Amino acid sequence: MCLGIPGEIVEILPGRHELAEFADLALVDVSGVRRKVHIGLLDRESLAPGDWVLIHVGFALSKIDETEAAATLEFLESLGAAYEDEIAAFRESAIEQE
């Protein structure tokens, strides 16, 4: 099962990255796990540390508010094993920065 998981932006990483010319990266916290995610799909959004985004396969797909993030996390946690599997996969993933 693939889920979109809310994450809180910790830091917008400066500059462009080798992974894709258009893909900016941010350090995002998802349930205590910090990973770099692509934020290039949200280039028309004003993003800053403290903002919440919905993440799927390493891409931030939409900006969401904190209330929506909390409700989504509560729902996902209620799924039990599926949520734990997704967090485990997220924990093991990493986007390398040049």
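A brief look at the structure comes next. (Residues numbered from 1 in each chain as written. Predicted model: local features only at pLDDT ≥ 70, side-chain atom pairs only at ≥ 80, totals over all residues. Heavy atoms only, no water.)

The subject of this paragraph is the overall build of the chain. Check the secondary structure of the chain and you find 2 helices and 5 strands. Traced from its N-terminal end to its C-terminal end, the chain shows the element sequence β-β-β-β-β-α-α. Burial analysis of the chain (98 residues in total) assigns 37% to the buried set. Per element, the accessible surface of the chain, about 5,900 Å² overall, is 50% carbon and sulfur. (Helix = DSSP H or I, 4+ residues; strand = E, 2+ residues; numbered from the N terminus. Buried < 20%, exposed > 50% of the residue type's maximum accessible area, 1.4 Å probe, protein only. Areas by Shrake-Rupley, 256 points an atom, 1.4 Å probe, with all protein chains shown as cover.)

Applying the stated criterion across every chain, the model contains 2 salt bridges. The salt bridge partner of D51 is K63, with a shortest N-O separation of 3.6 Å. Pair noted here: D51 is in the loop between β3 (33–38) and β4 (52–56) and K63 is in strand β5 (residues 59–64), with a separation of 12 residues, a long-range link. (Salt bridge = Lys/Arg side-chain N within 4 Å of Asp/Glu carboxyl O.)

Where β4 lies against β5, 5 bridges are found, and the strand directions are antiparallel. Note that in β5 the partner of V53 across the bridge is K63. (Pairing = 2+ DSSP bridges.)

As a further point, take helix α2 (residues 81–92). Since one α-helical turn is 3.6 residues long, residues separated by three or four positions face the same way. Between its first and last C-alpha atoms α2 spans 16 Å; for 12 residues at 1.5 Å apiece the expected length is 16 Å, and the two agree. Those residues of α2 lying buried are Y83, E86, I87 and F90. Taken around the axis of α2, the buried residues stretch over an arc of 95°, which confines them to a single face. Exposed residues pointing more than 90 degrees away from the buried face of α2 are listed as A81, E84, D85 and E92. (Expected span 1.5 Å × (residues − 1). Arc of directions from axis to C-beta.)

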